Amino acid sequence: APKDFLTVAESSGFKKTGRYTESLALYIKFAIASPLAKLVTLGSTPEGREIVMLVLSKDKAFTPEAAAKTGKPIVLIQNGIHAGEIAGKDATAMLLRDVLITKRLASLLDHAIVLAIPVFNVDGHERFSAYNRINQNGPEEMGWRATSQRLNLNRDYLKADTPEMRAWLAMYTKWLPDLLIDNHVTDGEDHQYDVTYGMATGPEVAPSVAAWSREKFLPKLLEKMEADGHVVAPYGDFEGDRTGYRGTPFPPRFSNGYAAIQNRAGLLVETHSLKSFRTRIWAHYDLMQHAIERAGSQGRALHNAVMQADR
């Protein structure tokens, strides 16, 4: 990749992650360099920082109305809702660069429109420290879990206490993306998997969307990830006596649970905090690439499932 479009993670040998100004500068360069990208502002944080989103469209469909007319599925990627869990931010920047600049993955836009938020919890991201997540294997410094108001954005989808979430909800209800990808890192439990996922496929989501997620999306996604060498499992938690591993439901205060009550597919991604920063970044990168490819190839089926649920 051109040096001007390298992430801080790459240029540091996957030891560091950049500050928000560096992420914002990279997204601005994407928008300037490519006619297929437009940077939009969603709102601002309590400390006055802008929350931005990059819209990628081969058709230059940079509004919800224009995007809907293309008939292509809309995929929303968000990073840093818990701003210390930040590998997804660097992975997303690398992926966008390979779509827009190197064009190695330009075909991702043939059948999908991509929305990408570099950091959702911007104020938390800028509370930078080497001690925010001492049970996480890199980067050397990272942001904080909560907002500057000490609120957890990934518990705020229904109550909307934060200005960040109110800005996000205004965007989401206009775009109504068909698939949400929410990038996280685990909080320290140890297992062999480098990436786990959570997706509503049961009674908490409309039957048509559940069937698409369960039958059209997840099997091929998992097959592709395993072919890349990743060890993947459903997101869960250990039983109290640690004799077993259980799945967890996703109520709508969480991102993928909120997508479910909007009749949309939502994919929670949790890479493993004890794996290396490099490993986590590539797990996010590969999963997002395959998820966008799968959403695009199954776009008509996804659109039909969503429309059936909405009706």
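A brief look at the structure comes next. Bear in mind that the values here come from a model prediction, so they are computed numbers and not experimental data. Sequence order as written defines the numbering, with residues in each chain counted from 1. Given that the model is predicted, a residue must reach a pLDDT of at least 70 before its local features are reported, and side-chain atom pairs must reach 80 or more before they are shown or counted; all residues, however, enter totals for whole chains, interfaces and linings. Hydrogen atoms and water are omitted, and side-chain values are computed over all heavy atoms in the structure.

**A short note on the overall build of the protein**
In step 1: Each helix is a run of DSSP H or I of at least 4 residues and each strand a run of E of at least 2, with the numbering of both proceeding from the N terminus. Per the secondary structure count, the protein includes 10 helices and 10 strands.
In step 2: Values of the radius of gyration come from C-alpha atoms, whereas the globule rule sets the reference at 2.2 Å times the count of residues to the power 0.38. Radius of gyration (C-alpha) of the protein: 18 Å, near the 19 Å computed for a compact globule of 311 residues.
In step 3: Along the longest, intermediate and shortest principal axes, the C-alpha atoms of the protein span 55 × 50 × 40 Å.
In step 4: Burial classification: accessible surface area is computed with a 1.4 Å probe over protein chains only, and a residue below 20% of its type maximum counts as buried, one above 50% as exposed, and the rest as partly exposed. Every one of the 311 residues in the protein was classed for burial, and the buried ones make up 58%.

**Topic: the side chain of Ser 273**
In step 1: Tracing the backbone shows Ser 273 in the loop between β10 (265-271) and α9 (277-297).
In step 2: Residues within four places of Ser 273 in sequence aside, it is in contact with Arg 133, Asn 135, Gln 136, Asn 137, Val 185, Thr 186, Asp 187, Gly 188 and Arg 280. Here, two residues are considered to be in contact whenever any of their heavy atoms come within 4.5 Å of each other.

**What to know about the sheet that holds strand β3 (residues 74-78)**
In step 1: The strand order across the open sheet built from 8 strands is β1-β2-β4-β3-β5-β10-β6-β7, with neighbouring strands paired in mixed fashion. Each of the sheet's edge strands pairs with one partner strand only, and the pair in question is β1 (37-44) and β7 (232-234). Averaged over all neighbouring strand pairs, the angle between strand axes comes to 20°, with direction disregarded.
In step 2: For β3 and strand β5 (residues 179-185), the ladder comprises 4 bridges, and the chain directions are parallel. Think of it this way: DSSP has to see at least two bridges between two strands before they count as a pair. Working convention: axes come from line fits to C-alpha atoms, limited for helices to the stretch in contact. Angles between N-to-C directions cover 0 to 180 degrees.

**Let's talk about the layout of surface pockets**
In step 1: By volume, the largest pocket amounts to about 420 Å³.
In step 2: Elements with a minimum of two residues in the lining of the largest pocket: β5, β8 (236-238), β9 (245-247), α8 (255-261) and β10.
In step 3: Of the residues contributing to the lining of the largest pocket, the split by class is 6 nonpolar, 10 polar and 8 charged.
In step 4: Any residue with an atom within 4 Å of a point lines the site, the site being either a cavity, points on a 1 Å grid over the protein atoms alone where a 1.4 Å probe fits but cannot get out, or a pocket, an open set with protein on both sides within 12 Å along at least 5 of 7 lines. Grid points are joined across faces, edges and corners, and a volume is the space filled by probe spheres set on the points. The calculated volume of the second largest pocket comes to roughly 240 Å³.
In step 5: Around the second largest pocket, the lining comprises 16 residues; the ones closest to its centre are Ala 68, Ile 74, Leu 176, Asp 178 and His 303. Each residue is assigned to one class: nonpolar for Ala, Val, Leu, Ile, Met, Phe, Trp, Tyr, Cys and Pro, charged for Asp, Glu, Lys and Arg, and polar for all the others, Gly among them.

**Notes on the packing of helix α7 (residues 207-227) against α9**
In step 1: At a closest axis distance of 10 Å, the pairing of α7 and α9 adopts a crossing angle of 140°. In terms of their interaxial angle, α7 and α9 are classed as oblique. Crossing handedness for the pair α7 and α9: right-handed. Counting all contacts with α7, which are made through Trp 212, Lys 216, Phe 217, Lys 220, Leu 221, Lys 224 and Met 225, the residues of α9 involved are Ala 283, Asp 286, Leu 287, His 290, Ala 291, Arg 294 and Ala 295.
In step 2: Residue classes in the contact of α7 with α9 are distributed as 8 nonpolar, 1 polar and 5 charged. Orientation is classified from the angle alone, with under 35 degrees giving roughly parallel, over 145 giving roughly antiparallel, 65 to 115 giving roughly perpendicular, and any other angle giving oblique. Crossing handedness: left-handed means the near helix sits turned counterclockwise from the far one by under a right angle, and right-handed means the same turn made clockwise.

**What about the pattern of salt bridges?**
Pairing is possible between side chains of opposite charge, provided their charged atoms come close.
In step 1: The salt bridge definition used is simple: a Lys or Arg side-chain nitrogen within 4 Å of an Asp or Glu carboxyl oxygen. Under the counting rule described, the total for this entry stands at 17 salt bridges.
In step 2: A salt bridge links Arg 104 to Asp 98, with the nearest nitrogen and oxygen atoms 3.4 Å apart.
In step 3: Between Lys 220 and Glu 223 there is a salt bridge whose closest N-O contact spans 3.3 Å. Here the residue Lys 220 and the residue Glu 223 both occupy positions in helix α7, the gap between them amounting to 3 residues, near one helical turn.
In step 4: A relative accessible area of 31% means that Lys 220 is categorised as partly exposed.
In step 5: Residue classification places Glu 223 among the partly exposed positions, given a relative accessible area of 45%.
In step 6: Several salt bridges share partner residues, and in doing so they unite Glu 10, Arg 97, Asp 98 and Arg 104 into one network.

**Side note on the packing of α7 against helix α10 (residues 299-310)**
In step 1: At a minimum axis separation of 7 Å, α7 and α10 run at an interaxial angle of 155°. Of the possible angle classes, the one that applies to α7 and α10 is roughly antiparallel. The two elements α7 and α10 cross, and the hand of that crossing is left-handed. When α7 is examined against α10, the residues Ser 208, Val 209 and Trp 212 are found in contact with a partner set consisting of Ala 301, Leu 302, Ala 305, Val 306, Gln 308 and Ala 309.
In step 2: Tallied by class, residues from the contact of α7 with α10 come to 7 nonpolar, 2 polar and no charged.

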